[in-house]
Amino acid sequence: MKPMFLSLLLLLFAGHVHAADAPALPAAWTQIGITVGMPYAQAKALLLTAGWIAGAPDNEGDPVFAAHPEVDCGQGWDAICSAGFHRGNEAYGLVLTPTDDDKLLVQGVF
């Protein structure tokens, strides 16, 4: 019984490791105030003000979040959302988590 419970517990939480394992935010981003857990709308505003450009997602059709057309979300049980930004020769993607009230939170970078 105990091994089965442990296996079920690990299965439930296994998909949520990816954001915690994401690399640290770039120094250029932390210097302008980007932090893990902050609202994406705030992070996006800071990035755009600092000269970063949001990249368009590769998919077609209507954006998942009308206010943030650069955000792309995967499908399925453990899907994540992401948004890419570039400036000069630097490019990063933010890992985002949707909330119950249709907002997005910064979870990491790739």
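What counts and how
- Residues numbered from 1 in each chain as written.
- Predicted model: local features only at pLDDT ≥ 70, side-chain atom pairs only at ≥ 80, totals over all residues.
- Heavy atoms only, no water.
- Helix = DSSP H or I, 4+ residues; strand = E, 2+ residues; numbered from the N terminus.
- Buried < 20%, exposed > 50% of the residue type's maximum accessible area, 1.4 Å probe, protein only.
- Contact = heavy atoms within 4.5 Å.
- Areas by Shrake-Rupley, 256 points an atom, 1.4 Å probe, with all protein chains shown as cover.
- Salt bridge = Lys/Arg side-chain N within 4 Å of Asp/Glu carboxyl O.

Student: I tried to follow the overall build of the protein on my own but got confused; where do I start?
Tutor: Secondary structure assignment for the protein yields 4 helices and 5 strands. Its helices and strands in sequence order give the protein the pattern α-α-α-α-β-β-β-β-β, from N to C terminus. Burial statistics for the protein: of 110 residues in total, 26% are counted as buried. Put simply, of all contacts in the protein between residues at least 6 apart along the chain, 46% involve residues at least 24 apart. On the protein, roughly 7200 Å² of surface is accessible, and the fraction owed to carbon and sulfur atoms is 62%.

Student: Would you take a moment to explain the pattern of salt bridges for this structure?
Tutor: Here the idea is simple: oppositely charged side chains can pair when their charged atoms come close. In the structure shown here, the tally under the stated rule is 1 salt bridge. Between E70 and K44 there is a salt bridge whose closest N-O contact spans 3.2 Å. Pair noted here: E70 is in the loop between β1 (53-54) and β2 (72-73) and K44 is in helix α4 (residues 40-49), with a separation of 26 residues, a long-range link. What makes K44 buried here is its relative accessible area of 14%.

Read these as spatial facts, not as claims about activity.
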